[in-house]
Amino acid sequence: MLKDTMGADGEFERRRAELQLLGGGGGGVGDDAVCESFVSSVRPGGFMHDLLHEGQLAAIHGGNLLVHGGVSSADGVALGRVPGREGRVVSVVEWAELLNSWYRQQLGEWTASPRWVSDDSSAVPRAVPGSRGGAALLDYCVPSGPPSVVLGRHLP
């Protein structure tokens, strides 16, 4: 999953090495422990959960635009584009505010419905089978997604 959907080939083994170092270096760290460390990191109180809720997709600091991946890539230009919104936002400050607002809305959806909805689930009102809260944000952050400030895909 990490390699094929996130472009993070080798991350599982890097996490295993990190956990081994954090544990004092003695003994091996099993696959189940590595998986649990990923899962627990996105639960409330986990470091990734907290980072996501404190973060922004775009920030303006001292007149400078700060993003993680870039504003253009081989797939197009992310600058001025807000997922789900028609047209381009011309003002960089307004664009950053709208993009971050969309991000917070997606995080809220994910927090409310973090699990994939099965075909027979009625636990989440209006949920589409095979989806989950924040699915548009997930799409925004993967290599096969739309032009994004999260990933800089400068090569085809």
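Figured I'd write up the structure that's included with this text. This one's a predicted model, so the numbers in the text were calculated from it and none came from an experiment.

**Considering the overall build of the protein chain**
Next up, step 1: Helices and strands together make up the secondary structure of the protein chain, namely six helices and four strands.
Next up, step 2: Across the 156 residues in the protein chain, those meeting the buried criterion constitute 26%.
Next up, step 3: Considering only intrachain contacts with a sequence separation of at least 6, the fraction spanning at least 24 residues in the protein chain is 45%.
Next up, step 4: Total accessible area on the protein chain is roughly 10100 Å²; 57% of this is exposed by carbon and sulfur atoms.

**Some details on the packing of aromatic side chains**
Next up, step 1: Tallied over the full model, the rule gives two aromatic pairs.
Next up, step 2: Judged by centre distance (6.4 Å) and plane angle (20°), the rings of Phe-12 and Phe-38 are stacked. Of this pair, Phe-12 sits in helix 2 (residues 11-22) while Phe-38 is found in helix 3 (residues 31-41), placing the two residues 26 residues apart along the sequence.
Next up, step 3: Geometrically, the ring pair formed by Trp-102 and Tyr-140 is edge-to-face, given 5.3 Å between the ring centres and 70° between the ring planes. Linking Trp-102 in helix 5 (residues 92-112) with Tyr-140 in helix 6 (residues 135-140), this pair joins segments that are 38 residues apart in sequence. For the pair shown, Trp-102 and Tyr-140 are each scored as buried.

**Some details on the nonpolar core**
Next up, step 1: Core analysis: the biggest nonpolar cluster contains 16 residues, and Leu-57, Trp-95, Leu-99, Trp-102, Tyr-103, Tyr-140 and Val-149 have the highest contact counts within it.
Next up, step 2: It is helix 5 that provides the largest number of residues to this core, a total of seven residues.

Rules used throughout
- Residues numbered from 1 in each chain as written.
- Predicted model: local features only at pLDDT ≥ 70, side-chain atom pairs only at ≥ 80, totals over all residues.
- Heavy atoms only, no water.
- Helix = DSSP H or I, 4+ residues; strand = E, 2+ residues; numbered from the N terminus.
- Buried < 20%, exposed > 50% of the residue type's maximum accessible area, 1.4 Å probe, protein only.
- Contact = heavy atoms within 4.5 Å.
- Areas by Shrake-Rupley, 256 points an atom, 1.4 Å probe, with all protein chains shown as cover.
- Phe/Tyr/Trp six-rings, centres within 6.5 Å; stacked < 30°, edge-to-face > 60°.
- Core = buried A, V, L, I, M, F, W, Y, C linked by side-chain atoms within 4.5 Å.

By themselves, these figures tell us nothing about what the structure is for.
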